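Here are the chains, one letter per residue:
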Amino acid sequence: MNDPTIPDHIFYTSGEDAAYARDITSTPQTEDPAYRLAFQDTDFLLREDLRPIRFQLELLKPELLLDEANIGSTLVMYGSARIPEPDKADAVVEAAETEGQKKIAERLREKSKYYTEARKLGQLASQCDCDEDGKRQFVVCSGGGPSMMEAANRGAADVGAESIGLNIVLPHEQAPNEYVTPSLSFQFHYFALRKMHFLIRARAVACFPGGFGTFDEMFELLTLVQTGKMKPLPILLFGKDFWTRVVDFRALAEEGTISPDNLNIFRFVETADEAWDMINDFYVEPKGWKSEPTVVNGG
């Protein structure tokens, strides 16, 4: 043969067959749900028996798209959805109608400084160079929501960098914040798969003051490192006063329910610069951090 042209494939693709199936002649047989292509049949895919398949799809879709986006590692940032940015903090206090509400609003205003630090950390991480293979490192990844999550994605946007948002379907309205890169904005049904994607590429994690969701994500991470299911990585808790007030870490060790060495898994920080220095310090030293951990709970 002279200059043969050999096709890449000889079967029609699933996309081509799906298009043909949409144009099929209408008959009682073709109109029945049983005749739909399985991968186009939403009712079929939502059956209880198909949960394992949905698990696979929810794991696979973000994984493929993040690979295609050339993302090698992430800096994950957990934190509250309720802490206001500094410019709006006074309005939160002014909107309080009772003394109790005012005290809470004032505490939220005090924590608004962490919005600024989360935004700055997003800026610092997003200026990290690609590795020798062209993979992007320490790409900012948040839960995709408001407050601390918004600040993280906003910091990346400030320096013209892309960032990831891992959103979750909730009974009340839950939309991604405007700073998440659209092509890296993912929505999950399963909390477990979402949390897995937080950590698959994580090479550092920053935990800002937060509530149940932040605690859930942070303590699962601490457990994975504590039990050796996950290699150590920088885990940075912003706001020592907050964390030691709401969690008595030292008491856990004194009660014998964790080892004293487990208190070395994380570090307290107050500023983005301090956090970024610690992340760099961790990966420069072969055995991790060279600095001593911050004393927990004063003793």
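Refer to the preceding data block for the structure.
Residues numbered from 1 in each chain as written. Predicted model: local features only at pLDDT ≥ 70, side-chain atom pairs only at ≥ 80, totals over all residues. Heavy atoms only, no water.

Draft legend 1. Expanded view of empty space enclosed by the protein. Enumeration over the complete set of coordinates arrives at one cavity of 30 Å³ or more. Considering only enclosed or pocket space, the largest cavity measures out at about 30 Å³ in volume. Lining the largest cavity, in full, are Leu 66, Thr 74, Cys 141, Ile 164, Leu 166, His 197, Phe 198 and Arg 201. For the lining of the largest cavity, the secondary-structure elements that each account for two or more residues are strand E3 (164–168) and helix H9 (191–200). Of the residues belonging to the lining of the largest cavity, the class tally is five nonpolar, two polar and one charged. (1 Å grid on protein atoms, 1.4 Å probe; cavity = no way out; pocket = protein on both sides within 12 Å on 5 of 7 lines; lining within 4 Å. Points joined across faces, edges and corners; volume = space filled by probe spheres on them. Helix = DSSP H or I, 4+ residues; strand = E, 2+ residues; numbered from the N terminus. Nonpolar A, V, L, I, M, F, W, Y, C, P; charged D, E, K, R; others polar.)

Draft legend 2. How the structure looks around the side chain of Arg 154. For Arg 154, the position within the fold is in helix H8 (residues 148–158). The exposure class of Arg 154 is buried, given its relative accessible area of 15%. If we ignore the near neighbours within four places in the chain, the residues touching Arg 154 are Glu 85, Tyr 115, Arg 119 and Tyr 179. (Buried < 20%, exposed > 50% of the residue type's maximum accessible area, 1.4 Å probe, protein only. Contact = heavy atoms within 4.5 Å.)

Draft legend 3. Spotlight on the pattern of salt bridges. For the structure shown, the criterion picks out 15 salt bridges. With a closest N to O distance of 3.0 Å, Arg 51 and Glu 48 form a salt bridge. The exposure class assigned to Arg 51 is partly exposed, which follows from its relative accessible area of 36%. A salt bridge links Lys 195 to Glu 220; its shortest N-O distance comes to 2.5 Å. With Lys 195 in helix H9 and Glu 220 in helix H10 (residues 212–226), this pair connects stretches of sequence that are 25 residues apart. Assessed through its relative accessible area of 14%, Lys 195 is described here as buried. (Salt bridge = Lys/Arg side-chain N within 4 Å of Asp/Glu carboxyl O.)

Draft legend 4. Just the nonpolar core, in detail. Counting 38 residues, the largest nonpolar core has Ile 164, Val 205, Ile 235, Leu 237 and Phe 249 as the members making the most contacts within it. With four residues, the top contributor of residues to this core is H10. Excluding anything up to four places from it in sequence, Ile 164 contacts Leu 66, Ile 71, Thr 74, Val 139, Val 140, Cys 141, Ser 142, Asn 153, Val 180, Leu 184 and Phe 186. In terms of nonpolar packing, the next biggest core, distinct from the first, is built from 26 residues, Leu 75, Val 140, Phe 238 and Ile 279 among them. (Core = buried A, V, L, I, M, F, W, Y, C linked by side-chain atoms within 4.5 Å.)

Draft legend 5. Structural view of the sheet that holds strand E6 (residues 235–238). If you trace the seven strands from one edge of the open sheet to the other, you get E4-E3-E2-E1-E5-E6-E7, paired in parallel fashion. The open sheet has two free edges, formed respectively by strand E4 (185–188) and strand E7 (267–269), since each of these has just one partner strand. The mean inter-strand angle of the sheet, taken between neighbouring strand axes irrespective of direction, is 25 degrees. The pairing of E6 with E7 spans three bridges and is parallel. For Leu 236, the partnering residue across the bridge sits in E7 and is Arg 267. Strand contacts of H9: strand E1 (74–78), strand E2 (139–142), E3, E4 and strand E5 (202–207), with the helix running at about 165 degrees to E3, the strand carrying the most contacts. (Pairing = 2+ DSSP bridges. Axes fitted to C-alpha atoms, helices over the stretch in contact; angles between N-to-C directions.)

Draft legend 6. Local environment of the side chain of His 197. With respect to the helices, strands and loops of the structure, His 197 is situated in helix H9. Its relative accessible area of 5% is what places His 197 among the buried residues. What His 197 contacts, discounting residues up to four positions off in sequence, is Glu 58, Leu 59, Pro 62, Glu 63, Leu 166 and Phe 188.

Draft legend 7. Geometry of a negative patch on the surface. A cluster of acidic side chains, namely Asp 241, Glu 270, Glu 274 and Asp 277, defines a negative patch on the protein surface. Here Asp 241 shows up in helix H11 (residues 240–246). Exposure remark for Asp 241: the relative accessible area of 65% places this residue in the exposed category. (Patch = residues over 30% accessible without salt bridge, like charges linked within 9 Å, V, L, I, M, F, W, Y side chains within 5 Å. Areas by Shrake-Rupley, 256 points an atom, 1.4 Å probe, with all protein chains shown as cover. Lys, Arg positive; Asp, Glu negative; His and termini not counted. Charge placed at Lys NZ, Arg CZ, Asp CG, Glu CD.)

Draft legend 8. Up close: the layout of surface pockets. Taken as a whole, the largest pocket holds about 1100 Å³ of empty space. Those elements that provide at least two residues to the lining of the largest pocket are E1, helix H6 (99–111), helix H7 (113–126), H9, H10 and H11. Within the lining of the largest pocket, the residues separate by chemical class into 17 nonpolar, ten polar and twelve charged. For the second largest pocket, the calculated volume is near 380 Å³. In terms of lining residues, the second largest pocket is bounded by 14 residues, among which Arg 54, Leu 57, Glu 58, Gln 187 and His 189 are the most central. Sorting the residues of the lining of the second largest pocket by element identifies helix H3 (42–45), helix H4 (51–68) and E4 as the ones contributing at least two each. The dominant element in the lining of the second largest pocket, judged by the number of residues it contributes, is H4, at five residues. The class makeup of the residues in the lining of the second largest pocket is seven nonpolar, four polar and three charged.

No statement about biological role is implied by the geometric values presented.
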